[in-house]
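Here are the chains, one letter per residue:
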Amino acid sequence: MLKKVDSSQLKVGMYIHDLSCDWMTHPFVRNRFLITTHDEIRKILNAGIHDVVIDSAKGLDVQDAPSLAEAQAATEREIVEIVAKAPVQTRVSLGEEMQRAVQIRHQASTLVRSVMQDARLGKAIELDQVQPVVQNITESILRNPGALVGLLRIKNKDDYTFLHSVSVCTLLVAFCRSRNIAADVTHQAGLGGLLHDTGKALVPDAILNKPGPLTDEEFAIIKKHPEDGYKILKQTPEIGPIPLDITLHHHERRDGSGYPGKQAEGEISELAQMAAIVDVYDAITADRCYHKGMSAAAALRKIYEWSKFHFNPGYAQEFMRCVGIYPVGTMVLLESGRLGVVVEPHETNLLAPKVNVFFHTKKNVYIKPETVDLSRGLGFGGGDKIVGHESPAKWNVDPMRFLSVA
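Remember, predicted model here, so these are calculated numbers, not experimental data.

A. Representation of the overall build of the chain in the model. Along the backbone of the chain there are 15 helices and nine strands. Computed over its C-alpha atoms, the radius of gyration of the chain comes to 21 Å, within 12% of the 22 Å expected for a compact globule of 406 residues. The principal-axis extents of the C-alpha atoms in the chain amount to approximately 60 × 60 × 35 Å. Within the span of the chain, comprising 406 residues, buried residues form 55% of the whole. In the chain, once contacts between residues fewer than 6 apart in sequence are set aside, the share between residues at least 24 apart is 68%.

B. Representation of the domain arrangement of the chain in the model. The domain architecture assigned to the chain consists of domain 1 (2-66), domain 2 (94-323) and domain 3 (330-403). The gap between the C-alpha centroids of domain 2 and domain 3 is 29 Å. Taken together, the contacts link eleven residues of domain 2 with seven residues of domain 3. A per-residue breakdown of the area domain 2 buries against domain 3 is headed by Leu94, Arg153 and Ile154, which together make up 44% of the total. Remark: the boundary between domain 2 and domain 3 carries zero salt bridges. Elements with a contribution of two residues or more to the side of domain 2 that touches domain 3: helix H3 (94-120), helix H5 (145-151) and helix H13 (296-306). Looking at the side of domain 2 that touches domain 3 residue by residue, the classes come out as six nonpolar, two polar and three charged.

C. Region of the structure containing the packing of aromatic side chains. One pass over the structure, following the stated rule, counts seven aromatic pairs. In textbook terms, an aromatic cluster arises when at least three aromatic residues are bridged by ring pairs, as seen for Phe358, Phe359, Tyr366, Trp395 and Phe402.

D. The arrangement of the sheet that holds strand S5 (residues 331-334) in detail. Pairing in this open sheet of five strands is antiparallel, and the strands run S8-S7-S6-S5-S9 from one edge to the other. Across the chains shown, the open sheet's two edge strands, defined by having one partner strand only, are strand S8 (365-373) and strand S9 (386-389). The average angle at which neighbouring strand axes cross in this sheet is 30°, direction not considered. As paired strands, strand S6 (residues 338-344) and strand S7 (residues 354-360) are joined by six bridges and run antiparallel to one another. Across the sheet, the residue bridging to Glu344 is Lys354, located in S7.

E. Region of interest: the pattern of salt bridges. Going through the model one piece at a time under the given rule, you end up with 16 salt bridges. Of the charged contacts, one joins Asp61 and Lys3 as a salt bridge, the two residues approaching to 3.1 Å between their closest N and O atoms. Taken together, the residues span a long stretch of sequence, with Asp61 in the loop between strand S4 (51-55) and helix H2 (68-83) and Lys3 in strand S1 (residues 2-6) at a distance of 58 residues. Judged by relative accessible area, which is 31%, Asp61 ranks as partly exposed. Between Glu318 and Arg179 there is a salt bridge, with its nearest N and O atoms 2.3 Å apart. Of this pair, Glu318 sits in helix H14 (residues 313-323) while Arg179 sits in the loop between helix H6 (160-178) and helix H7 (183-195), placing them 139 residues apart in sequence.

F. A look at the pairing of strand S2 (residues 15-18). Pairing analysis gives two bridges linking S2 to strand S3 (residues 33-34), with the strands arranged antiparallel. Bridge pairing in S3 places Tyr15 opposite Leu34. Pairing of S2 with S4, which is carried by two bridges, proceeds in the antiparallel orientation. Residue pairing for S4: Ile16 is matched across the bridge by Ile54.

G. Fine view of the packing of helix H11 (residues 241-249) against helix H12 (residues 270-285). Close contact between H11 and H12 brings their axes to 9 Å; oriented N to C, the two are set at 50°. With respect to H12, the element H11 is oriented oblique. The crossing of H11 and H12 is right-handed. Packed against H11, whose contacting residues are Ile242, Asp245, Ile246 and His249, the element H12 presents Leu271, Ala272 and Ala275 at the interface. Its residues assigned to classes, the contact of H11 with H12 comprises five nonpolar, one polar and one charged.

H. Spatial organisation of the nonpolar core. Val130, Ile137, Leu194 and Tyr281 are the most contacted members of the largest nonpolar core, which totals 93 residues. When residues in this core are grouped by element, the largest group, eleven residues, is from H6. When residues of this core are assigned to domains, at least three map to each of domain 2 (94-323) and domain 3 (330-403). Apart from residues lying up to four places away in sequence, Leu194 is in contact with Leu111, Val112, Val130, Val133, Val134, Ser165, Val166 and Cys169. One finds Ile16, Leu19, Ile35 and Ile44 within the second-largest nonpolar core, a separate group that totals 16 residues.

Parameters and conventions
Residues numbered from 1 in each chain as written. Predicted model: local features only at pLDDT ≥ 70, side-chain atom pairs only at ≥ 80, totals over all residues. Heavy atoms only, no water. Helix = DSSP H or I, 4+ residues; strand = E, 2+ residues; numbered from the N terminus. Rg over C-alpha atoms; globule rule 2.2 N^0.38 Å. Buried < 20%, exposed > 50% of the residue type's maximum accessible area, 1.4 Å probe, protein only. Contact = heavy atoms within 4.5 Å. Domains from an automatic or database assignment. Buried area = accessible area lost by both parts, 1.4 Å probe. Salt bridge = Lys/Arg side-chain N within 4 Å of Asp/Glu carboxyl O. Nonpolar A, V, L, I, M, F, W, Y, C, P; charged D, E, K, R; others polar. Phe/Tyr/Trp six-rings, centres within 6.5 Å; stacked < 30°, edge-to-face > 60°. Pairing = 2+ DSSP bridges. Axes fitted to C-alpha atoms, helices over the stretch in contact; angles between N-to-C directions. Parallel < 35°, antiparallel > 145°, perpendicular 65-115°, else oblique. Left-handed = near helix turned anticlockwise from the far one by under 90°. Core = buried A, V, L, I, M, F, W, Y, C linked by side-chain atoms within 4.5 Å.

The structure is reproduced here in structure tokens:
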């Protein structure tokens, strides 16, 4: 049985099923292994990993520990209470904004690719080319945040590094907006989000795109990227303190387990703490060559759990309200057996969005696309509810084709 246990309960002979942390946090070559030495337990504790999932069928048990299913159910009940009621503001429809969002996504990813190439060649970053892109992203978020955020949920392995930076910028701008942070500060945060991984330009591609766990030496090289990025940006004329701060400190954790400075709560700025949450959320929801991206709900559960130690709990909860359990672009299974893609959150109830249904799982066929408003009753365009997230790969369907169905 899979059980959630506190790391202080670990003993030699237990089988680790999941280290319950983002991949950039733990110092192990693998995520599942039998604990054979006390040194392995010390490494887990020193990495700031406070709880893990064990498999009692493959190693020693902790009798009074909750099952993984029980722990997840309890966490999700708490998340639903936090997220269910959150105001959503849009100025234009998803369909109106989608075409612009496609262009902005392409423009921004092309820019980040160019910035990375320039940094690799030792060239200065031209801030006057970056500023308009951040402005375009911000204006798109103000019109309809779901369009660009939804589009950026889809990344392929080849352009992940570039689109991750665009996603962090977009989500951080949306996060700042939801917290009513001043427009000029939000713009600077967006700059920081877009440029936060500039230091990865100096990481060899063989390490950056390695289709498997990193060795200790490779992990040490990756962990240099915040400082390398800071040094690169420091050479950029007119760069402000906010982008520099976000670049240097987006891997710090409030329990002091992060890097490069092992800063603790009280030392990490508000925007760097926000960027840390956004960075991890986007990383764990994306498909990578070494792990499968998780659903928004699963990612929020992780963010919520980690906020006990790694993130500011208040910021984490505000971010959860900002993105919602079912963000635009999420594929969901309805009680009727239909698959749909979320196209618009409800203004006050994020558990009842509008969904474009396009496939019937019980009949295994595409159906005529139809918009279902889950906040309305049967006969009024609703009469269905979300059972859970579904993987497009499982059904071999492309939900993004139906993102703009009227």
